[in-house]
Amino acid sequence: MERVQFIKEEVDQEGKLRTETLMLNMGPQHPSTHGVLRVVLHLDGEIVVKAIPYIGYLHRGIEKLCEHITYQQCLPYTDRMDYVASICNNIGFILAVEKLLGIENEIPERAKVAEVILFELGRIESHLIGIGTSAMDLGAVSAFLYCFKERERIYDILEMVCGARMTTSYPRVGGLPEDLPENFEEAIRNFLKAFPKTLVEIDKLLTRNRIWVERTKGVAYISAEDAIDLGLTGPVLRGSGVPYDVRKAMPYLGYENYDFEIPVSTDGDAYARYLCRLEEMHQSLKIIEQAINNLPDGPYIADLPDIVLPPKELTYTRMESLIRHFVLVYEGFKPPPGEVYHAVENPKGELGYYIVSDGSGKPYRMRVRGPSFVNLQALPKMVEGRLLADVIAAIGSIDIVLGEVDR
């Protein structure tokens, strides 16, 4: 398809003949599409008559690939979906497999609390990118630099815990592969002290910034009814006044024991979604502080020989452990036949894993319910009848990652 096309004759809703309606391809290499997204726009001057998102440019067949490898080997593929919050994808998948195995109650408390801390760090790093890049799309470069400064601080913590900064592949079915490092608590407490200052700086840069407010307030509106009908979740849904959060509706990892609020706005525009993400970072800090204050000692992985790899020192010194290690790596553990769906509140919305087991060491079927994929379908509703410039603000306010949209 040509990049720009003039449709010479077109009949409008009143039956009148119109000329020179412009069809414009936005993307798939456009920097403001937040990845390889192509949006075909039909324009009447600067007004968007129709917007059609085209996806699939980053499709790698992750779900089908996971049907040919063991459950544990699937974990790194989850990193490559919402790659700005890899640890959240990891934990969501691990929880789904643990539910399939029926071992949720066997997981040590230390592992659960550690996963809560890491999950909320992932939420913060995702919202930092969401706010920073959407602001940069509209010309506010300074906010992005403040956001990325703190994201690097989270990267340092993740690197200290698992050796990786972006694609973590950290947790394991049954808990954590290694215990948390000795200086983990100190690093978290330092982050809790430093990060609120950056939140104040971002707030000062954007919240009352006249240009930011005029570019986002009343822009990319979607009502609560339309948001529910489209299946939207996360800050996009809560920005339209619907207080749905998986952590409250279907608690996991003991979230029912934490004191936190669900930020909700009723305006339904891009500015409301920004405010929700900003307040969610405050709530994540609150959760992390409660978790680190109650981080227990004790085992960090379940004592389940048929599922969990033996400790390295035993693998190197005992034949039985070496054989068990070999079998678990080569064949994988074997859940009972059945199916499971487990959802977590990812930074962008409800992330769900549907897994079918046929009793072998590999998933018979795996399907991912990605929030970016579902939320993206709200784009035409948000921009049709609006200005062309508002398309940029709308995409940024949805906060999509095309790795998760396309998979």
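Each remark here, short or long, concerns the structure printed above.
Here the structure is a predicted model, which is why all the values come from computation and not from measurement. (Residues numbered from 1 in each chain as written. Predicted model: local features only at pLDDT ≥ 70, side-chain atom pairs only at ≥ 80, totals over all residues. Heavy atoms only, no water.)

## Section: the overall build of the protein
Operational definition: The secondary structure listing takes helices from DSSP runs of H or I that are at least 4 residues long and strands from runs of E that are at least 2 residues long, numbered from the N terminus. Here the globule rule is a power law, 2.2 Å times the number of residues to the power 0.38, and the radius of gyration is based on C-alpha atoms. Working definition: with a 1.4 Å probe on protein chains only, accessible area under 20% of the residue-type maximum means buried, over 50% means exposed, and in between means partly exposed. Shrake-Rupley sampling with a 1.4 Å probe provides the accessible areas, and residues are treated as covered by the protein chains on show and by no other component. Here the positive residues are Lys and Arg and the negative ones are Asp and Glu; neither His nor the chain ends is included. Each charge is placed at NZ for Lys, CZ for Arg, CG for Asp and CD for Glu.
When helices and strands are counted, the protein shows 17 helices and seven strands. Relative to a compact globule of 407 residues, whose C-alpha radius of gyration would be 22 Å, the protein shows 23 Å and is just as compact. Principal-axis analysis of the C-alpha atoms gives the protein an extent of 80 × 45 × 30 Å. Evaluated residue by residue, the protein yields a buried proportion of 54% over its 407 residues. Here the protein displays about 17900 Å² of accessible surface, and carbon together with sulfur accounts for 53% of that area. The protein carries 44 positive and 59 negative side-chain charges, and their two centres are separated by 3 Å.

## So, the state of the cysteines
Selection rule: What counts as a disulfide here is a pair of cysteine sulfur atoms lying within 2.5 Å.
Per the stated rule, a full pass over the model turns up zero disulfides. For Cys74, which is in no disulfide, the shortest distance to another cysteine sulfur is to Cys66 and amounts to 3.6 Å. Cys88 carries a free sulfur, and the closest cysteine sulfur to it, the one in Cys162, is 13 Å from it. On the basis of relative accessibility, which here comes to 0%, the residue Cys88 falls in the buried class.

## What to know about helix α4 (residues 109-137)
Filter applied, for reference: Expected span, for any helix, means 1.5 Å times one less than how many residues it has.
Compared with an ideal rise of 1.5 Å per residue, which puts 29 residues at 42 Å, α4 spans 42 Å between its outermost C-alpha atoms and is within 8% of the ideal. Gly139 occupies a position one or two residues after α4 and carries a positive phi of about 100°.

## Here we look at the sheet that holds strand β5 (residues 338-346)
Stated formally: Any two strands with at least two DSSP bridges between them are considered paired. Angles shown run from 0 to 180 degrees and are taken between the N-to-C directions of axes, each axis being a line fitted to C-alpha atoms and, for helices, limited to the stretch in contact.
Reading across from one edge, β5-β6-β7 is the order of the three strands in this open sheet, with antiparallel pairing throughout. Only two strands of the sheet have a single partner each, and these edge strands are β5 and β7 (365-369). Adjacent strand axes in the sheet meet at a mean angle of 10°, parallel and antiparallel pairs treated alike. Sheet topology note: the β5/strand β6 (residues 349-357) ladder contains nine bridges and is antiparallel.

## Overview of the pattern of salt bridges
Definition in use: Should a side-chain nitrogen of Lys or Arg be within 4 Å of a carboxyl oxygen of Asp or Glu, the pair is scored as a salt bridge.
Evaluation of the coordinates by the stated rule reveals 29 salt bridges. The partner of Glu159 in a salt bridge is Arg165, with the nearest N and O atoms 2.7 Å apart. When its relative accessible area of 26% is taken as the criterion, Arg165 is described as partly exposed. Here Asp390 and Arg386 are joined by a salt bridge, their closest N and O atoms 3.2 Å apart.

## With respect to the packing of aromatic side chains
To keep it simple, the criterion reads: Stacked, edge-to-face and tilted are the three classes for Phe, Tyr and Trp ring pairs, Trp counted by its six-membered ring, which pair at centre distances within 6.5 Å; planes under 30 degrees apart are stacked, over 60 edge-to-face, the rest tilted. Look at NZ for Lys and CZ for Arg. If either is within 6 Å of the ring centre and within 35 degrees of the ring normal, a charge sits over the ring.
Using the criterion set out here, one finds 11 aromatic pairs in the structure. Pairing Tyr255 with Tyr258 gives two aromatic rings, centres 5.9 Å apart and planes at 55°, and the pair type is tilted. The class of Tyr255 is buried, set by a relative accessible area of 1%. Under the relative-accessibility criterion, Tyr258 is labelled buried at 12%. Centroid distance Phe326 to Tyr330: 5.6 Å. Interplanar angle 5°. Geometry classified as stacked. With Phe326 and Tyr330 both in helix α13 (residues 319-330) and four residues apart, the pair spans about one turn of that helix. One aromatic cluster in this structure is built from Phe119, Tyr252, Tyr255, Tyr258 and Phe260. Looking at Arg247, its charged tip hangs above the ring of Tyr255, at a distance of 5.8 Å from the centre.

## What about the side chain of Ser372?
As a reminder, the rule being used: Under this definition, polar contacts are N or O atom pairs within 3.5 Å; protein pairs additionally need one hydrogen-donor-capable and one acceptor-capable atom, and for neighbouring residues in sequence, both atoms have to be side-chain atoms. Here, residues are in contact when the closest pair of their heavy atoms is within 4.5 Å.
By secondary structure assignment, the location of Ser372 is in helix α14 (residues 371-376). Classification of Ser372 as buried rests on a relative accessible area of 1%. A distance of 3.4 Å separates a polar atom in the side chain of Ser372 from the backbone nitrogen of Val401. If we ignore the near neighbours within four places in the chain, the residues touching Ser372 are Lys348, Asp399, Ile400, Val401, Glu404 and Val405.

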